[in-house]
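Structural description and commentary
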Amino acid sequence: MAAPSQPQQATYDAIVIGAGIQGSFTAYHLAQRRRDTLLLEQFILPHSRGSSHGQSRITRSAYPRVPYARMMPDSFHLWQRLEAEAGTSLYRRTGLVVLGPAGDPELEGCRRSLGTDQVLDATVLARCFPGLRLHAGEVAVWDGTGGVLFADRALRAVQDVFRRHGGTLRDGEKVLRIEPGAVLTVTTTAGVYQAPRLIIAAGAWTGALVAPLGLCLPLQPLRINVCYWREKEPGSPSAGRASPCFMALGLSRAPHGVYGLPALEYPGLVKVDLAIPSTPQPWVQERTLDPITLTPWLPQNTPDEDFILDRHPKFSNIIIGAGFSGHGFKLAPVVGKLLCELSLGEEPSHSMAPFTITRFPGVLRAAL
């Protein structure tokens, strides 16, 4: 349903476009810093047209890339803070098993990111988690911090806390035009708003929003089909607790990678992402097959699959967060903090070097 009607206000300290998890956390951090913030969403909330809907996402400390591994402790802390503020549970710790060929670079990167030797041999893995098995030449890494974020609940929580801190959320308002300047003007289907700073975190629609601002970002929106597979023996992996999340990297039988979450959303159905991108669509609908359910969602990829977190090269008071490549949800509290810090001219709390726009040549077009 739409957000409650709120008094019209033309001028704010900051405007955030996109009320998915990244934009909502950006607005949340701005409101925490007592900035009068407007959060705009083109669809009526809640909706399933972007990449923030659905009941669950994996979270983990194991990361092959160092920048993300360094962000995860901060992210865990910020998720816990939101849980305390919202008075609700947003995370269930199940652990995570990462499987792959011995010596695989991604698997080794995950192991190093944990800081301790967490390698499981075939015997231990089979004893602890009978539903998972290793073949010759394969190893498993155990991440005890891994688990499940309750995605829909988390999105509602961060938006609720944002409003509690005085923020304004207006859904069902599509942005029609952005006019740069020391004070920016944003025109929507329902009003005209101004602010000295603007943050764009519009998911698959980011490219279209920044193109009139002279930017051609190499973003590829993708539709990902998430499957729900029936457990052969419900509850069998480990008596008395949920089975772990799992990731399979570089296996010859799974060349695209496989990611899975335990049967927490629907009884007896394990959530699996086959990580095989399909053709993007403006929006998609859920469809059910027997014995699996396919739930499409729309992440956006950059060519190197790293985020874009940066100022517009020409308009420094326009901040862009994009390219979350299907693994950004768990890092949203930190992403939102970094976008907030950039917009306020603060020193970012993490290195921004991997996330610059200028790492892609030719993105800045001719002047408006």
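Given the structure is predicted, the values throughout are model-derived calculations rather than measurements.

1. A closer look at the pattern of salt bridges
As enumerated under the stated definition, the model contains nine salt bridges in all. Two residues, Arg33 and Glu346, come together in a salt bridge whose shortest N-O distance is 3.6 Å. With Arg33 in the loop between helix H1 (21-32) and strand S2 (37-40) and Glu346 in the segment after helix H7 (332-344), this pair connects stretches of sequence that are 313 residues apart. A salt bridge links Arg170 to Glu173; the shortest N-O distance between them is 2.7 Å. In this pair, the class of Arg170 matches that of Glu173, namely buried.

2. Observations regarding the confidence of the model for the protein
The predicted model of the protein has a mean per-residue pLDDT of 86, with 86% of residues at 70 or higher. Counting contacts from residues 278-294, a segment whose pLDDT is below 50, to residues more than four positions away or on other chains yields 39 contacts.

3. Re the pairing of strand S10 (residues 175-179)
For S10 and strand S11 (residues 184-188), the ladder comprises four bridges, and the chain directions are antiparallel. Across the sheet, residue Val175 finds its bridge partner in S11, namely Thr188. Adjacent in sequence and paired antiparallel, S10 and S11 are bridged by four residues, among which Gly181 carries a positive phi angle near 155°.

4. Quick word on the sheet that holds strand S12 (residues 192-195)
One open sheet holds the three strands; their spatial order is S10-S11-S12, and the pairing between them is antiparallel. Two strands in the sheet have a free side with no partner beyond their single neighbour: S10 and S12. Direction aside, the axes of adjacent strands within the sheet are offset by 20° on average. Note: S11 against S12, four bridges, orientation antiparallel. Pairing of Val186 across the sheet is with Tyr193, part of S12.

5. Regarding the packing of aromatic side chains
The final tally for this structure, using the stated rule, is 13 aromatic pairs. Centroid distance Phe25 to Trp79: 5.3 Å. Interplanar angle 90°. Geometry classified as edge-to-face. Taken as a pair, Phe25 in helix H1 and Trp79 in helix H2 (residues 66-86) lie far apart in primary sequence, 54 residues in all. Here Phe25 matches Trp79 in class, with each residue buried. A centroid spacing of 5.5 Å and a plane angle of 70° characterise the contact between Phe43 and Trp205, whose relative ring orientation is edge-to-face. Residue Phe43 is found in the loop between S2 and strand S3 (56-59), and its partner Trp205 is found in the loop between strand S13 (198-200) and helix H6 (206-210); the two are separated by 162 residues along the sequence. With a relative accessible area of 12%, Phe43 lands in the buried category.

6. Remarks on the packing of H1 against H7
Contact geometry for H1 and H7: axes closest at 7 Å, N-to-C directions at 55°. Between H1 and H7, the interaxial angle falls into the category oblique. In terms of crossing hand, the pair formed by H1 and H7 is right-handed. Judged by residue contacts, Ile21, Gln22, Phe25, Thr26, His29 and Leu30 of H1 engage Ala332, Pro333, Val335, Gly336, Lys337, Leu339, Cys340, Ser343 and Leu344 from H7. Considered class by class, the residues forming the contact of H1 with H7 number nine nonpolar, five polar and one charged.

7. Structural notes on H7
Turn by turn, an α-helix covers 3.6 residues, leaving residues three or four places apart pointing in a common direction. Compared with an ideal rise of 1.5 Å per residue, which puts 13 residues at 18 Å, H7 spans 18 Å between its outermost C-alpha atoms and is within 8% of the ideal. Taking burial as the measure, the 13 residues of H7 include 13 buried ones, the bulk of the element. Note on H7: the residue one or two positions beyond its end, Gly345, has a positive phi of about 75°.

8. Section: the packing of H1 against helix H5 (residues 151-164)
Contact geometry of H1 with H5 gives a least axis separation of 9 Å together with a crossing angle of 25°. In terms of their interaxial angle, H1 and H5 are classed as roughly parallel. Regarding H1 and H5, the two cross each other, and that crossing is left-handed. Contact with H1, carried on its side by Ile21, Ser24, Phe25, Ala27, Tyr28, Ala31 and Gln32, involves Ala154, Leu155, Val158, Gln159, Val161 and Phe162 of H5 and no other residues of that element. Of the residues in the contact of H1 with H5, the class split is ten nonpolar, three polar and no charged.

Cut-offs used in this document
- Residues numbered from 1 in each chain as written.
- Predicted model: local features only at pLDDT ≥ 70, side-chain atom pairs only at ≥ 80, totals over all residues.
- Heavy atoms only, no water.
- Salt bridge = Lys/Arg side-chain N within 4 Å of Asp/Glu carboxyl O.
- Helix = DSSP H or I, 4+ residues; strand = E, 2+ residues; numbered from the N terminus.
- Buried < 20%, exposed > 50% of the residue type's maximum accessible area, 1.4 Å probe, protein only.
- pLDDT = per-residue confidence, 0-100.
- Contact = heavy atoms within 4.5 Å.
- Pairing = 2+ DSSP bridges.
- Axes fitted to C-alpha atoms, helices over the stretch in contact; angles between N-to-C directions.
- Phe/Tyr/Trp six-rings, centres within 6.5 Å; stacked < 30°, edge-to-face > 60°.
- Parallel < 35°, antiparallel > 145°, perpendicular 65-115°, else oblique.
- Left-handed = near helix turned anticlockwise from the far one by under 90°.
- Nonpolar A, V, L, I, M, F, W, Y, C, P; charged D, E, K, R; others polar.
- Expected span 1.5 Å × (residues − 1).

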